[in-house]
Amino acid sequence: MPSCLFRITSKITSLAKSGCIEHARKLFDELLTKDTIAWNSMLSGYSQLGLHREALLLFYQMRSSSAKPDHFTLTATLSACASSCSLGIGAKVHAFSIVSGYNSSVPVNNSLIHMYGKCLNPFSARKVFDEMDGSNDVSWCSLLFAYTNCGQFDLASEVFEMITRKVGISWNTMISGFGRNGEVLLCFDLYSRMRKSSYEPDQWTYSALINACTESLELFHGLMMHAVVIKSGWISAVETSNSLTSFYAKLGSINDAMKVFEFAEMLSLVSWNAIIDVYMKAGDIHKAYITFQHVPEKNVVSWTSMITGYVRNGYGDEALGFFIGMMRYGLIPDEYSFGAVLHACSSLAVHGHGRMIHGCIIHYGFHAYAYVGNGLVNMYAKCGDLDGSLSAFHDIYEKDLVSFNAMLFGFGLHGKASQAVQLYEDMLAAGKNPDEVTFIGLLVACSHSGLIEKGGALFASMESVHGLSYDVDHIASMIDMLGRSGYLAEAKELVSTFSKAGKYKARFCEVLLGACSAWGEVGMGTYWGEALKVLKPHKEISYVLQSNLYCASGQWKEAEMIRKAMIDEGLKKIPGFSWIEVMNKVAVFAAGDHSHTYMEELCKILYLLQLEMRHT
């Protein structure tokens with residue numbers, strides 16, 4: 001029996017390593033007696049393949065069995081917690097490790113430090129480190145990562161200087177951390193110190209340096225690093241090649257990105273995914289699709305790149321189609337896949353599809369993730385389902401600032417200013433500091449509800465209380481708020497105050513002209529309309545708003561003259577669109593377009609509705 005168990009366990013390990021995880025699980029389930037090694041083989045298989053949810057579920061099942069978890073079990077489980085940022089579960093595993101007597105195990109403690117670092121809890125990471133009886137290079141590097149991952153570079157630098165024997169990973173961790181923050185000069189300083197030490201830079205070092213140039217959009221430094229990489233002989237390394245491709249792609253140098261891609265000696269999946277992203281950012285959907293077709297083994301990132309790219313380029317329907325294709329391909333979506341497809345649902349305002357995606361999210365256990373939950377809040381708000389937005393908001397386990405901002409915009413979109421203000425106060429009570437986006441949501445909500453006094457107080461508190469600078473959107477929202485309520489003189493004064501240097505004046509004029517049109521203020525509206533023509537001579541907005549103003553005041557001749565002037569300038573009004581979703585199908589209507597398939601039946605229904613309205 002022991003030899004049989006050993007043989008099957010070895011087979012499970014082999015299948016898991018080759019990616020045949022379902023076959024491995026089938027063999028595992030067929031085992032009548034499972035020892036700790038068998039559980040660990042299956043657990044490690046899930047963790048290494050990125051199936052973190054399955055790994056954590058398996059750990060709970062193991063706890064209910066007769067097998068006793070050991071330090072291998074704990075390190076694999078903590079790795080799954082780290083990768084899925086499951087801080088709550090990780091803390092429970094930490095407690096279990098103490099109760100089980102593994103708190104003296106160096107590998108377990110290293111895994112704990114890494115888990116807390118990934119979950120943005122450097123305080124707990126440091127506590128574990130300080131309580132260790134003995135540390136090794138991995139311990140120090142894990143603590144370094146914990147600080148750099150949270151952006152606490154002062155503490156990271158202190159720890160780095162304390163390391164007596166700096167290994168290559170410690171240098172790379174620091175460079176990578178500063179690089180993610182766009183601190184190019186600090187990265188180069190560390191690189192220079194590393195060259196003077198006994199450690200030679202490797203592909204990970206150069207990849208981190210190039211990524212730093214990418215984050216800071218430093219073209220000159222990126223070109224310099226490209227030359228250094230060629231000279232050092234690391235140009236053929238997959239990591240550096242991928243980083244260079246991404247660098248040129250982000251800076252819009254599509255031809256250079258393609259050259260790096262074409263001359264790469266080895267093409268990894270990351271390389272293929274990077275080039276898909278290159279084409280999508282350039283708006284070349286066809287080439288992105290052709291590249292996608294050539295990818296030998298597509299993963300979740302490949303499909304997510306296509307979904308994100310189609311959404312970015314305005315093809316929401318196609319993005320939904322790719323999400324369905326990914327599911328049929330047999331891949332399990334991750335939080336980024338769900339975030340991308342929810343963005344597609346938001347842009348299309350398709351409630352039915354959004355609810356189906358929500359069902360998938362709950363099925364795979366992602367509804368409590370902040371990134372996914374924020375997408376759900378936004379999607380339901382855009383689809384007019386405020387209750388759905390609130391429900392998704394309350395499901396988020398650890399709400400971040402984006403969660404609150406998304407819900408604020410949901411309230412604002414539906415004219416629920418009092419609820420928006422209450423949520424803002426709850427956010428402050430929860431210790432979340434607002435940012436510029438928070439106040440845009442609040443001001444929009446107050447504007448749509450006519451809460452002038454409250455909106456003005458919030459606007460003033462931005463600088464005086466929170467030390468935030470006004471942006472064009474904040475000022476435009478205040479002008480809109482005053483204009484909607486008929487305070488045109490005050491709105492005009494605000495325009496004069498914030499556009500002295502001419503910056504953003506066109507945007508402010510546009511908002512104020514719209515308010516003049518709504519209130520039939522012909523004199524002031526004409527003045528701002530003429531000003532807007534000077535500021536935006538090739539835009540139709542000033543002509544359209546002025547024409548609407550004259551129509552509202554019954555000056556049909558003047559309105560016709562404005563329309564004629566617009567035509568003479570070769571400008572066209574962008575037609576308005578509306579859409580309705582029936583049985584998961586979206587019907588789109590454009591103003592002036594009478595070619596719709598059911599136009600005759602629709603006109604009859606509208607006529608009957610008009611009769612009903614007149615008699616009620």
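Values in this document were obtained by computation on a predicted structure and should not be read as measured data. (Residues numbered from 1 in each chain as written. Predicted model: local features only at pLDDT ≥ 70, side-chain atom pairs only at ≥ 80, totals over all residues. Heavy atoms only, no water.)

Draft legend 1. Looking closely at helix α16 (residues 254–263). Every buried residue belonging to α16 is among A257, M258, V260 and F261, and all of these are buried. Each buried residue of α16 sits inside an arc of 160° when the element is viewed along its axis, so together they form one side. When the buried face of α16 is taken as reference, the exposed residues oriented beyond 90 degrees from it are N255, E262 and F263. Contact partners of the buried residues in α16: α14 (219–232), α15 (238–250) and α17 (269–282). (Buried < 20%, exposed > 50% of the residue type's maximum accessible area, 1.4 Å probe, protein only. Helix = DSSP H or I, 4+ residues; strand = E, 2+ residues; numbered from the N terminus. Arc of directions from axis to C-beta. Contact = heavy atoms within 4.5 Å.)

Draft legend 2. Focus on the UniProt feature "repeat: PPR" (unreviewed entry) in the protein. Here, UniProt's "repeat: PPR" (unreviewed entry) annotation points to residues 35–69, 167–201, 299–333 and 400–434. Between the end C-alpha atoms of residues 35–69 there is a gap of 10 Å, over a span that is 71% helix and 0% strand. (UniProt positions renumbered as here; feature names shortened; annotations may be inferred.)

Draft legend 3. Structural view of the layout of surface pockets. Of the voids in this model, the second largest pocket is the one considered here, and its volume is about 420 Å³. Lining the second largest pocket are 17 residues; nearest its centre among them are H114, V138, C141, S142 and I169. (1 Å grid on protein atoms, 1.4 Å probe; cavity = no way out; pocket = protein on both sides within 12 Å on 5 of 7 lines; lining within 4 Å. Points joined across faces, edges and corners; volume = space filled by probe spheres on them.)

Draft legend 4. How the structure looks around helix α26 (residues 417–429). Between its first and last C-alpha, α26 extends 18 Å over 13 residues, near the 18 Å set by a 1.5 Å rise per residue. Looking only at α26, the buried set comprises A417, A420, V421, L423, Y424 and M427. Summarising the axial view, the buried residues of α26 lie within an arc of 160°, below the 170-degree limit, and thus occupy one face. Of the residues in α26, the exposed ones pointing more than 90 degrees away from the buried face are S418 and A429. Buried residues in α26 make contact with α24 (386–395), α25 (401–413), α27 (436–449) and α28 (452–464). (Expected span 1.5 Å × (residues − 1).)

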